[in-house]
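# Fold and contact review
The residues making up each chain are set out below.
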Amino acid sequence: MFTGIITGVGRIADSHALGGSLQHGRRLTIEAPAGFLADVGLGDSIALNGACMTVTTLDAPQNRFTIDISAESLARTAGLDAVGGRLNLEKALRAHDRLGGHIVSGHVDGTGTVTRFSPVGESHELAVLAPPELGKYLAYKGSITINGVSLTVNRVADRPDGCEFSINLIPHTVQHTTLGDLAAGSTVNLEIDTVARYVERMLGAGLHPAKEATP
């Protein structure tokens, strides 16, 4: 589990195919900030742009670690396939940590497209078009995770091609995450609020009551 509070920005230093077909994934070498890996061990979970991955090798003195990512994960996420690309990093939540954002699983539900990223006063407005199937989970003042960052929805507008929502990014968020690299047309990873997921399931189940057993 994670909180969506980014604790470091890393970089994809290297990428190697794990096989010769399109069904094979890749092994990524990630360069982390100095000291970031001091309390990390093999097998630990680290979210990369919001996608939970497992540390497979570790070189803390060189601030590097590797992860293996499947072809399925590569196809369903953004920003995890380009050498040199910057990544938002978050280590898994510990039981005694502060829950500064919201409960995040590290499972990307889909990708969205940035429609607008522009300054508004001292902050920035980030607008994203989410796919239609995720629109029902987005609500005014609800939580959303964009590239691993816990954020609050300020506006929701349903469209024929999806659901456009907007976020206000304070200067600290722009400076300490990769969200400042975004522009109109960028693809981002989205994870919906876990609570919204369960509410939708419970309401949906209520529409189809279980049939009584036949004697």
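Shown above is the structure to which this text applies.
Attention here is on the structure that accompanies the text. (Residues numbered from 1 in each chain as written. Predicted model: local features only at pLDDT ≥ 70, side-chain atom pairs only at ≥ 80, totals over all residues. Heavy atoms only, no water.)

## Regarding the pattern of salt bridges
Following the criterion strictly, the structure yields 14 salt bridges and no others. Two residues, Arg197 and Asp109, come together in a salt bridge whose shortest N-O distance is 2.9 Å. Of this pair, Arg197 sits in helix α4 (residues 194-206) while Asp109 sits in the loop between β7 (86-91) and β8 (110-120), placing them 88 residues apart in sequence. By relative accessible area, Arg197 is classed as partly exposed at 28%. A relative accessible area of 29% places Asp109 in the partly exposed class. (Salt bridge = Lys/Arg side-chain N within 4 Å of Asp/Glu carboxyl O. Helix = DSSP H or I, 4+ residues; strand = E, 2+ residues; numbered from the N terminus. Buried < 20%, exposed > 50% of the residue type's maximum accessible area, 1.4 Å probe, protein only.)

## Observations regarding the layout of surface pockets
Left-over empty space is what a probe sized like a water molecule reveals as it rolls over the atoms. Looking at the largest pocket, its volume works out to about 320 Å³. Contributing to the lining of the largest pocket are 14 residues, with Lys91, Ala92, Leu93, Arg94 and Asp97 lying nearest its centre. Here the residues of the lining of the largest pocket sort into four nonpolar, three polar and seven charged. In this structure, the second largest pocket occupies an estimated 270 Å³ of space. (1 Å grid on protein atoms, 1.4 Å probe; cavity = no way out; pocket = protein on both sides within 12 Å on 5 of 7 lines; lining within 4 Å. Points joined across faces, edges and corners; volume = space filled by probe spheres on them. Nonpolar A, V, L, I, M, F, W, Y, C, P; charged D, E, K, R; others polar.)

## Digging into the pairing of β8
Bridge count between β8 and strand β13 (residues 187-192): four bridges; the pairing is antiparallel. Paired with Thr111 across the bridge in β13 is Asn189. Sheet analysis places β8 next to strand β9 (residues 123-130), joined by seven bridges and oriented antiparallel. The partner of Phe117 across the bridge, within β9, is Leu126. Where β8 folds back on β9, the antiparallel hairpin that results is connected by two residues, among which Gly121 adopts a positive phi of roughly 65°. (Pairing = 2+ DSSP bridges.)

## With respect to unusual backbone geometry
One non-glycine residue, Asn49, lies in the positive phi region at around 50°. Relative to the helices and strands, Asn49 resides in the loop between β3 (45-48) and β4 (51-54).

## A word on the pairing of β13
Along β13, five of the six residues are buried, which leaves the element largely enclosed by surrounding structure. As judged from the three bridges shared by strand β10 (residues 143-146) and β13, these two strands associate in the antiparallel manner. Of the residues in β13, the one forming a bridge with Thr145 is Glu191.

## Notes on the sheet that holds strand β11 (residues 149-159)
Ordered in space as β8-β9-β12-β11-β10-β13, the six strands form a closed barrel in which the pairing is antiparallel. Direction aside, the axes of adjacent strands within the sheet are offset by 45° on average. (Axes fitted to C-alpha atoms, helices over the stretch in contact; angles between N-to-C directions.)

## Remarks on the side chain of Thr3
Among the secondary structure elements, Thr3 is positioned in the segment before β1 (8-17). Owing to a relative accessible area of 5%, Thr3 belongs among the buried residues under this scheme. Residues in contact with Thr3, not counting those within four places in the same chain, are Glu90, Leu93, Arg98, Leu99, Gly100, Gly101, His102, Val104 and Ser150. (Contact = heavy atoms within 4.5 Å.)

Without other data, these values stay purely geometric and don't point to any function.
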